[in-house]
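What follows is each chain in one-letter form.
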Amino acid sequence: MFCFIWTLLLVTVALASEDKYWDPDPKLNWRPENVTDLAYYLYAYTGSYYNGTTSFRLSSQDWSTGEDDKVCANFRDQDIVVSFDSLVAIVKPNGYDKGGNPVMLLAKSWPENLNLTPTADYRSPYSGQVNDFIFNLESMSPKKNRYDDADSASSPKWNLTTTYLSDTSYSLAGSADKGIVSVEFNMSQCTNTTESWWGALLLYEKDAGRNYNLLNVTDPVLSGQFSNQTAFFTIKGFFVASTDSTFKPVSRLAGEISIEFVGQLDPARSDALVSGQSKPEWTPTIGFSRGTVAGDTSDGASRRSTAVYALVVFWGFCIFPWL
């Protein structure tokens, strides 16, 4: 009994010394912050991360009967298409998600030539070098710590389902009835050809009566697939977009939107999907058995090795006290 108790104490001390900032609450699904060269605020969770491109196709339509609620001449009978480099995370679900989603989906795009590397003293997965993503989708609002109000923080924005296909491949489907999903881009205005900032928002069925009576607005729906190699998904729904309201006159558009992501797995920052599971499961490695993006060569790894060595010596003393 004496040896068992001291073993538990040694293990606790060894793990705690690796990362004093890590909250071990298993429901939060946080990786320890002991991973060298990892932009933690982008890769905070155990799961799969994909680098790729997100394309937005906006098809404008007359959305109401008012004179100012029609597609302007500059954009009539044409689709608006913009694309951005993106990072998509399909990760282990947050245990506080009352919707019971099998995965948590996060998709982000940012301006070109932006340095995503966190500062040396950076510790939080909820802020970083990127303060304003030009595209940001979260299937739920993850709890920032165990003290968050679970009723508001864990309420899902997207209701997702997965279906096992083969090996580590799954289909992904879902819909949303709330939450802000936005995209920012630059293009000409309705009144002139001067390039201007535009912001677009997804609409929901509950928005149908808010001056969009010519659009058959339905909740956005998502479909796609992911595996240990690739991921892709498509979101179809309705949008409203406008230029900056501080500059007059304001240009507005509304209509149908298609959002398409295609990406490749980033194996250096991802945990491996477990093969043959009915629901997605990952083997936690980043921050656990691997201490760097490239491999397990960090100080954290050295501390783990030292801790293991100490346990071996300690148990050797317990079993063979005459040695």
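Everything here concerns the structure above.
Here the residue index of a chain counts from 1 through its sequence in written order. Reporting of local features is limited, given that this is a predicted model, to residues whose pLDDT is at least 70; pairs of side-chain atoms are given and counted only at 80 or more, and all residues count toward the totals for whole chains, interfaces and linings. Computation of side-chain values covers all heavy atoms of the structure but excludes hydrogens and water.

A. Representation of the side chain of Asn101 within the structure. The secondary structure listing takes helices from DSSP runs of H or I that are at least 4 residues long and strands from runs of E that are at least 2 residues long, numbered from the N terminus. Looking at the element boundaries, Asn101 is found in the loop between strand E2 (79-91) and strand E3 (104-109). For Asn101, a relative accessible area of 5% translates into the label buried. For Asn101, the side chain forms a polar contact with the main-chain oxygen of Trp158, separated by 2.8 Å. Residue exposure (1.4 Å probe, protein chains only): buried if accessible area is under 20% of the type maximum, exposed if over 50%, otherwise partly exposed. A 3.5 Å cut-off defines polar contacts: any pair of N or O atoms within that distance qualifies, except that in protein one atom must be a possible hydrogen donor and the other a possible acceptor, and neighbouring residues in sequence count only when both atoms are side-chain atoms.

B. Fine view of the environment of Leu87. Mapped onto the elements, Leu87 comes out in strand E2. The spacing of Leu87 and Trp110 is 23 residues in sequence and 9.2 Å in space, taken between C-alpha atoms. Two residues qualify as a contact provided that any one of their heavy atoms is within 4.5 Å of a heavy atom in the partner residue. The contacts of Leu87, once residues within four sequence positions are left out, are Leu42, Tyr43, Tyr49, Tyr50, Asn51, Leu106, Ala107, Lys108 and Trp110.

C. Here's a closer look at the pairing of E2. The pairing criterion for strands is at least two bridges between them, as found by DSSP. Note that strand E1 (residues 47-60) and E2 share 13 bridges and pair antiparallel. Bridge assignment links Thr54 to a residue of E2, and that residue is Phe84. Direction of pairing for E2 relative to E3: antiparallel, over a ladder of six bridges. The residue of E3 that forms the bridge with Ala89 is Leu106.

D. View of the pairing of E1. In this structure, E1 lies alongside strand E11 (residues 252-265), joined through 11 bridges in antiparallel fashion. Along E11, the bridge assignment pairs Tyr50 with Leu265.

E. Examining the state of the cysteines more closely. The disulfide criterion used throughout: a pair of cysteine sulfur atoms within 2.5 Å. A complete count under the given rule lists one disulfide for this structure. The disulfide partner of Cys72 is Cys190, and the gap between their sulfur atoms is 2.1 Å. Of note, the bridge from Cys72 to Cys190 carries an S-S torsion of about -65° and is left-handed in sense. Taken together, the positions of Cys72 in the loop between E1 and E2 and Cys190 in the loop between strand E7 (182-188) and strand E8 (195-203) put the pair 118 residues apart, joining distant regions of the chain. Just as Cys72 is buried, Cys190 falls in that class too.

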